[in-house]
Amino acid sequence: MLIYTNLTDAYLTDIKTTEQTIFHQVTMPDGRIQNDLNRTLSAEELLRRYGEGERNFQDKILHRVDLSGADLRDIDLSRSRLSYVNFSCACLENVGLGFAIFSDFRNARFSRDEDWLGVWFFYCDLRNANLAGVDMSYSQFIRSNFLGAKNCLSGGIQGDLFFYQTTWSDGEFIPGPINATEYWRGEIREGEF
C-alpha cells in the first residue's frame, strides 16, 4: 500500500505488484500520478452506497474521511486501508475491519460477537470505545490508545495479540514489542487467552 508517496527518481527494479497493491496519489518515477480510483471512496460515496443497501466494502481505501457519528452496522471493511478516518461516536456493530492508521475510534460502539482477527491498528485512538464482545485475536496494536475503553477482552481471546507502545484501557503503558500472553503471563486467568 502506497498513499501520498513520491517515487520521483526512485530506482525500482524487481518490484512486483499485484491487483491487491494499492496506489493512492502516488507519484511514480516517471512523474505520472498513480491512483486506484475504483478503490478510493469519499465519505459521501460510502454513505450513499451504504444507504442503498451495499455492505461489502472490502479492499477499499478511505483516506481523510469523516464518518463521525455514522451508523455503519454490518459494513465489511475487511482488507480495506483506513488512514486518517474519523469514526468517533460511530456505531460499528458487526463490522469487519482491515488495516487502520492514524484513525479515530473514540467513543465508537462495537458489538458482541465481533471478530477483529488479524486487524492492524497503527497510531489509532480507541479511547472510551465500547468493545463489548470483540475478539481481538491475532491483532496488532502499535502506538494506539485504549484509555477508558470499555469491555476490553470481554469477547475472549482465541489467539495472541501484539502490542507496541500502546496505552491500555486502565492507563497502563505497554512498551512492547510484546505479545499479550507474554506480557500478562502472571495475571491471565484460566481460559482468558
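Per-chain numbering applies: the sequence of each chain, read as written, is numbered from 1 onward. Local features in this predicted model are restricted to residues whose pLDDT is 70 or higher, and side-chain atom pairs enter the listing and the counts only when it is 80 or higher, whereas totals over whole chains, interfaces and linings include all residues. Side-chain metrics rest on all non-hydrogen atoms present in the structure, leaving aside hydrogens and water.

Asker: Is there a simple way to explain the overall build of the protein chain in this structure?
Answerer: Elements are defined by DSSP. Helices are runs of H or I of four residues or more, strands are runs of E of two residues or more, and each kind is numbered from the N terminus. Check the secondary structure of the protein chain and you find two helices and 15 strands. Sequence separation of 24 or more characterises 9% of the internal contacts of the protein chain that already satisfy a separation of 6 or more. The Shrake-Rupley method, run with a 1.4 Å probe sphere, supplies the accessible areas, and residue values consider only the shown protein chains as cover. Surface accessibility of the protein chain: about 10100 Å² in total, with carbon and sulfur atoms responsible for 45%. Any pair of residues with heavy atoms lying within 4.5 Å of one another is described as a contacting pair.

Asker: In this structure, what is going on with the environment of L117? I would like to understand it.
Answerer: Among the secondary structure elements, L117 is positioned in the loop between β8 (114-115) and β9 (120-122). It is 5.9 Å that separates the C-alpha atoms of L117 and S139, two residues lying 22 residues apart in sequence. Not counting residues within four places of it along the chain, the set of residues in contact with L117 comprises D135, S137, Y138 and S139.

Asker: Any chance you could explain helix α1 (residues 43-51) here in plain terms?
Answerer: Because an α-helix completes one turn every 3.6 residues, residues spaced three or four positions apart along the sequence face the same direction. By the burial criterion, the buried members of α1 are A43, L46, R49 and Y50. Viewed along the axis of α1, the buried residues span an arc of 145 degrees, placing them on a single side of the element. Facing away from the buried side of α1, by more than 90 degrees, are the exposed residues E44 and G51. Summarising the contacts, the buried residues of α1 are in contact with β5 (61-63). A positive phi of about 105 degrees marks G53, the residue just after α1. For every residue, the accessible area (1.4 Å probe, protein chains only) is compared with the maximum for its type, and the residue is labelled buried under 20%, exposed over 50%, or partly exposed between those bounds. Working definition: the arc comes from the directions between the helix axis and the C-beta atoms, pointing outward to the latter.

Asker: What should I look at first to understand the packing of aromatic side chains in this one?
Answerer: Aromatic ring pairs are reported here in terms of the distance separating the ring centres and the angle at which the planes meet. Classification of ring pairs rests on two measures: the distance between centres of Phe, Tyr or Trp rings, Trp counted by its six-membered ring, which must be within 6.5 Å, and the angle between planes, read as stacked under 30 degrees, edge-to-face over 60 and tilted in between. According to the stated counting rule, one finds 13 aromatic pairs in the structure shown. Where F141 meets F146, the ring centres are 5.1 Å apart and the plane angle is 75 degrees; that geometry is what we call edge-to-face. Residue F141 shares its accessibility class with F146, and that shared class is buried. Judged by centre distance (5.9 Å) and plane angle (25 degrees), the rings of F141 and F163 are stacked. Here the residue F141 occupies a position in strand β11 (residues 140-142), and F163 occupies one in strand β12 (residues 162-164), the gap between them amounting to 22 residues. Of the two residues, F141 and F163, neither departs from the other in class, the shared state being buried.

Asker: Honestly, the confidence of the model for the protein chain in this entry has me stumped. Any pointers?
Answerer: In low-pLDDT segments, the atomic positions of the prediction should not be examined closely. The pLDDT value tells you how sure the predictor is about a given residue, anywhere from 0 up to 100. Per-residue confidence for the protein chain gives a mean pLDDT of 82, with 73% of residues at or over 70. pLDDT under 50 marks residues 188-193. Its contacts with residues more than four places away, or in other chains, come to 10 contacts.

Asker: What's the story with the side chain of S88 in this structure? I'm lost.
Answerer: With respect to the secondary-structure elements, S88 resides in the loop between β6 (81-83) and β7 (99-101). Note on S88: relative accessible area 11%, which makes it buried. Contact partners of S88, with chain neighbours within four places excluded, come to S68, G69, D104, F105 and R106.

Asker: How do you make sense of the environment of N151 when you look at a structure like this?
Answerer: Along the chain, N151 falls in the loop between β11 and β12. C-alpha of N151 to C-alpha of V134: the two residues are 17 residues apart in sequence and 8.5 Å apart in space. Those residues in contact with N151 that sit more than four places away from it in its chain are N130, L131 and A132. Polar contact is the term for a pair of N or O atoms within 3.5 Å; when the atoms are in protein, one must be able to donate a hydrogen and the other to accept it, and sequence-neighboring residues count only if both atoms are side-chain atoms. Looking at N151, its side chain comes within polar contact range of the side chain of N130, at 2.9 Å.

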